[in-house]
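Each chain is listed here by its residues.
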Amino acid sequence: MLSKLFCKKRIVIFPTSGLGNSLHQLSAIKNIKKNFKGNVFYSDLVSTNNIVTYFLNNILLRPWTIHQNNIFKDNNIKKNKDTIFSYIALIILFYKFKNHRKNNIKLLSGYCACNIFNTTYLFGYFQDKTFLNWSESRIMIKDSIKNLEDNIKKDILTIHIREGDPQAKKGGISFSKCTLDNNYYSNTINDVSQKYFNKIKKIYIVGIYSNSKLNKIKKLINDKFNKAEIIISVGSYLDDFSLIWNSNIVIASNSTFSFWSGYYGDSNVIYMPSLFMNYRLDESKKKIKIY
């Protein structure tokens, strides 16, 4: 348990932006709160537009995409009253986490901590494991995302593509480690067509992708599903999350966004890349196929 690591009276976590990241961080905090007797807070210094994210984007030229969601405030996690110590802790944690990632082959996994007076500060993505069981995580998601309904669409396949945030790409940040090649989509689409061809009437494509990637995926679909309607999603990220949540069959990407929406949603079948092999995936009743 994470809570055994802390002997201080307060814990403050710096959640990053991005819905998938935030859900991992919220899951970790809820796990801590089960046994930690002190107070747990969140700080939004790296998840909102402020002096810190301005510095990251304009001085360090390290693009830091801000997503407009704050799931912590809706889950009984109090906002920290940040002081100079919060900024000092953040600098220390950025440095520690940078070194941590150099020595860790798992992309964005783990966390780092530092202690200042009576407070333990945490920064990280916590993607090396899930901290709540399937039912707890599902409740947490539905508490966090408003108007998320259980309304499964049995004739729909949704494919999520993730090639990184365009803003981050402009800064030269490589997403090569998390971008899936065409073999993954070719194999998964082929398997879906062999087993569920007659059930699929509509195929949605969601995510962040280039035109070349989109055209390749559309060609793969047309080769296998010549009668299905292909729909390119143009909704918000919450619309996409809800669409994946309600789709009968999901092809996920190397993205925690599609992990949280696909694995914990209403889908009966989900195809997942090997990134998620180390996750606890045996608690849901759906069919899970790892490629």
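Given the structure is predicted, the values throughout are model-derived calculations rather than measurements.

Enquirer: Can you help me understand the sheet that holds strand 3 (residues 78–79) in this one?
Expert: Working definition: the strands of a sheet are paired by backbone hydrogen bonds and lie parallel or antiparallel to each other. The 5 strands are arranged 3-2-1-5-4 in an open sheet whose pairing can be described as mixed. Whereas interior strands pair on both sides, the edge strands pair on one side only; in this sheet they are strand 3 and strand 4 (111–116). Pairing of strand 1 (residues 10–14) with strand 5 (residues 119–124), which is carried by 5 bridges, proceeds in the parallel orientation. Along strand 5, the bridge assignment pairs I11 with T120.

Enquirer: Hey, could you run me through the side chain of K286 in this one?
Expert: Among the structural elements, K286 can be located in the loop between strand 10 (269–272) and strand 11 (287–290). No salt bridge is formed by the buried K286. Its closest oppositely charged neighbour is D266, at 6.8 Å. At 2.9 Å, the side chain of K286 forms a polar contact with the backbone oxygen of Y263.

Enquirer: Help me out: how do you make sense of the packing of helix 6 (residues 182–196) against helix 7 (residues 211–224) in this one?
Expert: What describes two packed helices is the angle between their axes and the distance between those same axes. One way to put it is that helix 6 packs onto helix 7 with a least axis distance of 10 Å and a crossing angle of 25 degrees. Taken together, the axes of helix 6 and helix 7 are roughly parallel relative to one another. Of the two elements, helix 6 crosses helix 7, and the hand of that crossing is right-handed. From helix 6, N182, Y185, S186, I189, N190 and S193 reach across to helix 7, where they touch K213, K216, I217, L220, I221 and K224. Across the contact of helix 6 with helix 7, the residue classes break down as 5 nonpolar, 4 polar and 3 charged.

Enquirer: Where do I start with a nonpolar patch on the surface in this structure?
Expert: A contiguous nonpolar patch, built from I51, Y54, F55, I59, I84, F85, Y87, I88, I92 and F117 and spanning about 1,000 Å² of accessible area, is present on the exposed surface. For the nonpolar patch, the secondary-structure elements that each account for two or more residues are helix 2 (51–58) and helix 3 (84–102). With 5 residues, helix 3 is the largest single contributor of residues to the nonpolar patch. Relative to the assigned elements, Y87 resides in helix 3.

Enquirer: Is there a simple way to think about the packing of aromatic side chains in this case?
Expert: Ring pairs (aromatic) are described by centroid distance and by the angle formed between their planes. Applying the stated rule across the entire model yields 21 aromatic pairs. With a centroid separation of 5.8 Å and an interplanar angle of 15 degrees, the aromatic rings of F197 and F225 are classed as stacked. Of the two residues, F197 is situated in the loop between helix 6 and strand 7 (202–208) and F225 in the loop between helix 7 and strand 8 (229–232); the sequence distance between them amounts to 28 residues. For F197, a relative accessible area of 32% puts it in the partly exposed group. Look at F241 and W245: their rings are 6.2 Å apart centre to centre, the planes differ by 25 degrees, and that puts the pair in the stacked class.

Enquirer: Looking at this model, I keep getting lost on the sheet that holds strand 8. Mind explaining?
Expert: Here 6 strands make up an open sheet; going across it, the order is 8-7-6-9-10-11 and the pairing parallel. Two strands close off the open sheet at either side, each with one partner strand: strand 8 and strand 11. Averaged over all pairs of adjacent strands, the angle between their axes in this sheet comes to 20 degrees, without regard to strand direction. Where strand 6 (residues 153–162) and strand 9 (residues 247–251) come together, 4 bridges link them in parallel fashion. Residue pairing across strands places T158 opposite V250, the latter belonging to strand 9.

Enquirer: Would you mind showing me how to read the state of the cysteines here?
Expert: Two cysteines joined by a covalent bond between their sulfur atoms form a disulfide. Scanning all chains against the criterion turns up 0 disulfides. With no disulfide of its own, C112 lies 9.4 Å from the sulfur of C114, the closest cysteine sulfur. Judged by relative accessible area, C112 falls into the buried class, the value being 8%. Overall, C114 belongs to the buried group, its relative accessible area being 8%.

Enquirer: Hey, could you run me through helix 7 in this one?
Expert: Every α-helix carries 3.6 residues per turn, so stepping three or four residues along brings you back to the same face. In this model helix 7 runs 20 Å from its N-terminal to its C-terminal C-alpha over 14 residues, within 8% of the 20 Å that 1.5 Å per residue would give. By the burial criterion, the buried members of helix 7 are K213, L214, I217 and I221. Take helix 7 and look down its axis: the buried residues cluster within an arc of 100 degrees, on one side only. Seen from the buried face of helix 7, the exposed residues on the opposite side, beyond 90 degrees, are N211, K219 and D223. Among the structural elements, strand 6, helix 6, strand 7 and strand 8 are those in contact with the buried residues of helix 7.

Cut-offs and rules
- Residue positions are given per chain, counting from 1 as you read along its sequence in written order.
- Only residues with pLDDT of at least 70 get local features here, since the model is predicted, and only at 80 or more are side-chain atom pairs given and counted; chain-wide, interface and lining totals rely on the full set of residues.
- Think of the side-chain values as coming from all heavy atoms in the structure, minus any hydrogens and water.
- What makes two strands pair is DSSP finding at least two bridges between them.
- Secondary structure elements are taken from DSSP: a helix is a run of H or I of four residues or more, a strand is a run of E of two residues or more, and numbering for both begins at the N terminus.
- Burial status follows relative accessibility: with a 1.4 Å probe on protein chains alone, a residue under 20% of its type maximum counts as buried, one over 50% as exposed, and anything between as partly exposed.
- His is not counted here, nor are the chain ends, while Lys and Arg score as positive and Asp and Glu score as negative.
- In the sections that follow, a salt bridge refers to a side-chain nitrogen of Lys or Arg positioned within 4 Å of a carboxyl oxygen of Asp or Glu.
- Side-chain atoms alone can form a polar contact between residues adjacent in sequence; in general such a contact is a pair of N or O atoms within 3.5 Å, and within protein one must be able to donate a hydrogen while the other accepts it.
- Lines fitted to C-alpha atoms define the axes, with helix axes restricted to the stretch in contact, and inter-axis angles between N-to-C directions lie between 0 and 180 degrees.
- Throughout, the term roughly parallel applies to angles under 35 degrees, roughly antiparallel to angles over 145, roughly perpendicular to angles from 65 to 115, and oblique to all others.
- Here is the rule for handedness: rotate from the far helix to the near one, and if that takes an anticlockwise turn smaller than a right angle the crossing is left-handed, while a clockwise turn gives right-handed.
- By definition in these notes, contact holds between two residues if any of their heavy atoms fall within 4.5 Å.
- When residue character is reported, Ala, Val, Leu, Ile, Met, Phe, Trp, Tyr, Cys and Pro are called nonpolar, Asp, Glu, Lys and Arg charged, and the others, Gly included, polar.
- Excluding any residue in a salt bridge, patches collect residues exceeding 30% relative accessible area, merging like charges within 9 Å and nonpolar Val, Leu, Ile, Met, Phe, Trp and Tyr side chains within 5 Å.
- Only the protein chains shown count as covering a residue, and every accessible area follows the Shrake-Rupley method with a 1.4 Å probe.
- Stacked, tilted and edge-to-face are the three classes assigned to paired rings of Phe, Tyr and Trp, where Trp is represented by its six-membered ring and a pair needs centres within 6.5 Å; plane angles under 30 degrees give stacked, over 60 edge-to-face, the rest tilted.
- Any pair of cysteine sulfurs within 2.5 Å is marked as a disulfide.
- For a helix, the expected span equals 1.5 Å multiplied by the number of residues minus one.
- By arc we mean the arc of the directions from the helix axis to the C-beta atoms, nothing more.

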